[in-house]
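Here is how the chains run, residue by residue.
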Amino acid sequence: MPTLSLQHRIELVSGPATEPLTLSEVKNQLRIEHDDEDILIARLIQAAIDYVDVTGTLGKAMITQTWGEWIAPNPGTVTLSLGPIQSVSAIKYYDADNALQTDTLSNYYVLGRPGKTIIKPKSGQNWPTVFVRDDAIKIEYVVGYGDTARTVPQTIRHGLMMLIGHWYENRENELIGTTSKTLPHGFAALMDFERGSWYG
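Note that the coordinates shown come from a computational prediction; the quantities given were computed from them, not determined experimentally. (Residues numbered from 1 in each chain as written. Predicted model: local features only at pLDDT ≥ 70, side-chain atom pairs only at ≥ 80, totals over all residues. Heavy atoms only, no water.)

**Some remarks on the overall build of the protein**
Here is step 1: Secondary structure summary: the protein contains 4 helices and 8 strands in total.
Here is step 2: Shown N-terminal to C-terminal, the secondary structure of the protein runs as helices and strands in the order β-α-α-β-β-β-β-β-β-β-α-α.
Here is step 3: Buried positions account for 46% of the 200 residues belonging to the protein.
Here is step 4: Considering only contacts within the protein whose residues lie at least 6 apart along the sequence, 71% involve residues at least 24 apart.
Here is step 5: Entry remark: accessible area of the protein is about 10700 Å², with carbon and sulfur atoms responsible for 50%. (Helix = DSSP H or I, 4+ residues; strand = E, 2+ residues; numbered from the N terminus. Buried < 20%, exposed > 50% of the residue type's maximum accessible area, 1.4 Å probe, protein only. Contact = heavy atoms within 4.5 Å. Areas by Shrake-Rupley, 256 points an atom, 1.4 Å probe, with all protein chains shown as cover.)

Below, the structure is given as structure tokens:
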């Protein structure tokens, strides 16, 4: 899970339009030809996505989605906490009257690469004058590998398949998402190829 300072808080602005795996893909992987357990399998798919995506074990977003990161006044250079970053869409702030405003995005440099992106005011520009509060500034940005499941690295998709299959086969004696002991062998190694942070 990404480590945020006490002055950073993240929130989902708009979620992904699709999922990295479909029900039919997972059923094919599990060699299930009937529909009797579709509700269970769909629940396991969602649990696996929640366990891995964004603030989960992967530390990155899989499918395109928008997040907001709240920061304190006068932050200097800001390193965005999530990735892979596609674009920065807005910088908002609470003005001196504690009313939410939108700043001019072109006043800022957005530098780096998808896995590590920083934002800072351009020469001659400053962060806006804000109301004194810990969440005075909000940076909204788009993250994810792409808009479709096929843009997600196959290592991640296969790791999800392994996790779902493990939970499906061990539903009576597993507590989902408690410790690494509940994870199938090889899952962590697959996540390591793309992981944005460690978990434990």
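Here the narrative resumes.
**A few points about helix 1 (residues 23–30)**
Here is step 1: What helix 1 keeps buried is the set Glu25, Val26, Lys27 and Leu30.
Here is step 2: Those residues of helix 1 that are buried are in contact with helix 2 (38–52) and helix 3 (154–169).

**Concerning the confidence of the model for the protein**
Low-pLDDT portions of the prediction should not be read for the details of their coordinates.
Here is step 1: Here the protein averages 89 in pLDDT, while 89% of its residues score no lower than 70.
Here is step 2: Mean pLDDT across the elements of the protein ranges from a minimum in helix 4 (residues 187–192), with 88, to a maximum in strand 5 (residues 100–102), with 98.
Here is step 3: Low pLDDT (under 50) marks residues 1–6, which in the prediction has 12 contacts with non-local residues, meaning those over four places away or in another chain.
Here is step 4: Counting contacts from residues 176–180, a segment whose pLDDT is below 50, to residues more than four positions away or on other chains yields 5 contacts. (pLDDT = per-residue confidence, 0-100.)

**Remarks on unusual backbone geometry**
Here is step 1: Omega for the peptide link from Gly83 to Pro84 comes to -15°, which places this bond in the cis form.
Here is step 2: The backbone of Arg31 shows a phi angle near 60°, a positive value even though the residue is not glycine.
Here is step 3: The backbone of Asn98 shows a phi angle near 65°, a positive value even though the residue is not glycine.
Here is step 4: Tracing the chain through its elements places Asn98 in the loop between strand 4 (85–94) and strand 5.
Here is step 5: The partly exposed category is assigned to Asn98, whose relative accessible area is 32%.

**Observations concerning the packing of helix 1 against helix 3**
Geometry of a packed helix pair, given as the angle between the helix axes and the separation of the axes.
Here is step 1: Taken N-terminus to C-terminus, the directions of helix 1 and helix 3 make an angle of 65°; their axes are 10 Å apart at the nearest point. Here helix 1 runs over helix 3; the crossing is right-handed. Contacts between helix 1 and helix 3 involve Glu25, Val26, Gln29 and Leu30 from the first element and Arg157, His158, Met161, Ile164, Gly165 and Tyr168 from the second.
Here is step 2: Residues of the contact of helix 1 with helix 3, tallied by class, amount to 5 nonpolar, 3 polar and 2 charged. (Axes fitted to C-alpha atoms, helices over the stretch in contact; angles between N-to-C directions. Left-handed = near helix turned anticlockwise from the far one by under 90°. Nonpolar A, V, L, I, M, F, W, Y, C, P; charged D, E, K, R; others polar.)

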